Amino acid sequence: MEERRKTPHVVIVGGGFAGLYLARGLAKAPVRVTIIDRKNHHLFQPMLYQVASAALNPAEIAVPIRSVLRNQRNTDVLMSTVSRIDIEAKQLYLDGESSIAYDYLVLATGLETSYYGKDEWELLAPGLKDVDDALKVRERVLQAFEEAEREKDPVRRHALLTFVVVGGGPTGVEMAGAIAELRRYALARDFRHIDPREATVMLLEAGPKILPSYPDDLSDTAKQELRSLGVEVRTEMLVTDIQPGSVKAAGWTIPTTTVIWAEGMKGTSLLASLGAPLDRMGRVIVETDCSLPGHPEVFVLGDAAHFEDEKFGGVLPPIAQPAIQQGKHTAKNIIADQKQKPRTPFSYFDKGQLAVIGRGQAVADIWRFHFGGFLAWVIWAVVHIAFLVGHRNRVIVMLQWWWAYTTFHRGARLITGRDHVPIDVTFPTPERPLTAVSPPQPASVA
């Protein structure tokens, strides 16, 4: 027992990419590791939209954290929520006020969906951050088609068959493309009284272009590909209100029953409680080794960290690669501490960014190379398969993709009743309704 107390205790809050790769990096280190997460699974979040669009089941992109770390004898896993942190006393408090002492604390909590102060929109426009969100979105999309099948009023039917995705970043682009493919291929022949192919899919972006972190040429390519799928892409459309049955944006009122929020993110309340400097998103501004200013024993990693990298040219984006690399690097620094060696600053190696548009179409920004099309889609598929945790999941996802690509079918189109919201609203009759789908336009057209 005395030896166990002397062994440095590393507590990791969050089982995402940063937390999981950090824990793995400490597998053979002379430390005790405890990883805490409010969920019992690690989620491959970049493919969450495929669960929301009925392409995959949740178990195919998630794996129990205990299963991943079961061979690490120095690691414990706790499913719990951290309620508060006493940095001075080096104590972590969980639900029920039980406490855990630590020598190193690593916060890899990720970010939460932000509605920019309009939290009441959450019930009407679910985000896409975890499995519950994805299943909620899937149920609402599929339910809308079911309601439309028995709706006699053409105005109400049109609103039921209008799907609005708010946010033109990678998640919004991927979600809009996936819904467009769902209604064009998988559902096309399943109904008798409606034609799902006539459903409207709209992507609203408040800024001047979609995929704002990508070069202009790839943004234009993505817009063209989405429009070829029949997606109505609208830029400079700031959403000002969401009500049951409608969305208001840039002076237009859009009758719709299904809104998907793929817009803002913010830091968690746990990060705010640290008393550390935060950026405008609520992320902790960290030191060059990802530690908390004034507290070298506390690290903040992944999406929760505001890390400026001169080589990258700015603040690292909240995506998987920085989180993975920070997790691995922090493990090395903790081991260096045990060997009484100096820490090394973190430096991000930018491997590029990829976004899928639809069937066989993606865009790639890899170093100096910008390209789209089938090759980008193949690279996207290979990269995502490679980073899935678990051999079983890799095999199943490959088989699911092959089946969907060759047959145009999606096998996860279940409505279980877990999020059944009766679509019984009074649709507005606005002065400027935006209801028609524009034909595909050249990429140069805003």
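Keep in mind the model is a prediction, meaning the values are calculated, not measured.

**Thoughts on the pattern of salt bridges**
The final tally for this structure, using the stated rule, is 9 salt bridges. Arg150 is the partner of Glu147 in a salt bridge, and the nearest nitrogen-oxygen pair spans 3.1 Å. Residue Glu147 is classed as buried on the basis of its relative accessible area, which comes to 13%. Here Glu151 makes a salt bridge to Arg156, at a shortest N to O gap of 3.2 Å. Accessibility expressed as a relative area gives 18% for Glu151, which makes it buried. Among the charged side chains, a network of salt bridges with common partners joins Asp289, Asp337 and Arg343.

**With respect to the pairing of strand E27 (residues 369-373)**
Taken residue by residue, a regular strand's side chains alternate between the two faces of the sheet. Bridge count for strand E26 (residues 361-366) against E27 is 5 bridges, and the pairing is antiparallel. Bridge assignment links Val363 to a residue of E27, and that residue is Gly372. Between E26 and E27, which follow one another and run antiparallel, lie 2 residues, and Trp367 among them has a positive phi close to 55 degrees.

**Concerning the packing of helix H5 (residues 131-149) against helix H7 (residues 170-186)**
The description of two packed helices rests on the angle between their axes and on the distance between the axes. At a minimum axis separation of 12 Å, H5 and H7 run at an interaxial angle of 35 degrees. Relative to H7, the crossing made by H5 is right-handed. Packed against H5, whose contacting residues are Val137, Val141, Leu142 and Phe145, the element H7 presents Met175, Ile179, Leu182 and Arg183 at the interface. Counted by class, the contact of H5 with H7 contains 7 nonpolar, no polar and 1 charged residues.

**Here we look at the sheet that holds strand E20 (residues 291-292)**
Strand order in the open sheet formed by 6 strands is E5-E2-E1-E9-E21-E20, and the pairing between neighbours is mixed. Looking at the sheet topology across the chains shown, the edges are occupied by strand E5 (75-79) and E20. Relative to strand E21 (residues 295-300), E20 is paired through 2 bridges, and the arrangement is antiparallel. Residue pairing for E21: Leu292 is matched across the bridge by His295.

**Focus on the pairing of strand E14 (residues 239-243)**
Pairing between E14 and strand E15 (residues 246-249): 4 bridges, direction antiparallel. The residue of E15 that forms the bridge with Val239 is Ala249. Here E14 folds back onto E15, and the loop between the two strands holds 2 residues, one of which, Gly245, carries a positive phi near 100 degrees.

**A word on empty space enclosed by the protein**
Any empty space left between atoms is shown by rolling a water-sized probe over those atoms. One pass over the structure, following the stated rule, counts 2 cavities of 30 Å³ or more. Here the second largest cavity is characterised by a volume of approximately 50 Å³. Considering only residue class, the lining of the second largest cavity consists of 6 nonpolar, 2 polar and 2 charged.

**Observations regarding unusual backbone geometry**
As a rule of thumb, non-glycine residues mostly have phi less than zero, and peptide bonds are mostly trans rather than cis. Phi angles above zero are rare outside glycine, and Tyr116 is one such case at about 55 degrees. When you line up the elements, Tyr116 lands in the loop between strand E10 (112-114) and H5. A relative accessible area of 54% places Tyr116 in the exposed class. One non-glycine residue, Gln340, adopts positive backbone phi at about 60 degrees. Looking at the secondary structure, you find Gln340 in the loop between helix H10 (320-338) and strand E25 (353-358). Gln340 gets classed as exposed once you look at its relative accessible area, which sits at 76%.

**A look at the confidence of the model for the chain**
Looking at the chain as a whole, the pLDDT averages 88, with 89% of positions reaching at least 70. The low-confidence segment residues 435-446 (pLDDT under 50) makes 23 contacts with residues lying over four places distant or belonging to another chain.

**Considerations on the sheet that holds strand E13 (residues 231-234)**
The 4 strands lie next to each other as E13-E12-E11-E17, forming an open sheet whose pairing is parallel. Whereas interior strands pair on both sides, the edge strands pair on one side only; in this sheet they are E13 and strand E17 (258-261). Each strand of the sheet is rotated relative to its neighbour by a mean of 20 degrees, with strand direction disregarded. Two strands pair when backbone bridges link them, and strand E12 (residues 200-204) and E13 are joined in this way by 4 bridges, in the parallel orientation. Bridge assignment links Met202 to a residue of E13, and that residue is Glu232. In the packing of H7 onto the sheet, contacts are made with strand E11 (162-166), E12, E13 and E17, and the angle to E12 comes to roughly 175 degrees. Across the sheet, helix H8 (residues 216-228) is in contact with E12 and E13; its angle to E13 comes to roughly 145 degrees.

**Re a nonpolar patch on the surface**
Among the surface-exposed residues, Phe349, Trp367 and Phe369 lie close enough to one another that they form a single nonpolar patch of about 390 Å² accessible area. On the secondary structure map, Trp367 appears in the loop between E26 and E27. Among the residues examined, Trp367 registers a relative accessible area of 54% and is labelled exposed.

Parameters at a glance
Residues numbered from 1 in each chain as written. Predicted model: local features only at pLDDT ≥ 70, side-chain atom pairs only at ≥ 80, totals over all residues. Heavy atoms only, no water. Salt bridge = Lys/Arg side-chain N within 4 Å of Asp/Glu carboxyl O. Buried < 20%, exposed > 50% of the residue type's maximum accessible area, 1.4 Å probe, protein only. Pairing = 2+ DSSP bridges. Helix = DSSP H or I, 4+ residues; strand = E, 2+ residues; numbered from the N terminus. Axes fitted to C-alpha atoms, helices over the stretch in contact; angles between N-to-C directions. Left-handed = near helix turned anticlockwise from the far one by under 90°. Contact = heavy atoms within 4.5 Å. Nonpolar A, V, L, I, M, F, W, Y, C, P; charged D, E, K, R; others polar. 1 Å grid on protein atoms, 1.4 Å probe; cavity = no way out; pocket = protein on both sides within 12 Å on 5 of 7 lines; lining within 4 Å. Points joined across faces, edges and corners; volume = space filled by probe spheres on them. pLDDT = per-residue confidence, 0-100. Patch = residues over 30% accessible without salt bridge, like charges linked within 9 Å, V, L, I, M, F, W, Y side chains within 5 Å. Areas by Shrake-Rupley, 256 points an atom, 1.4 Å probe, with all protein chains shown as cover.

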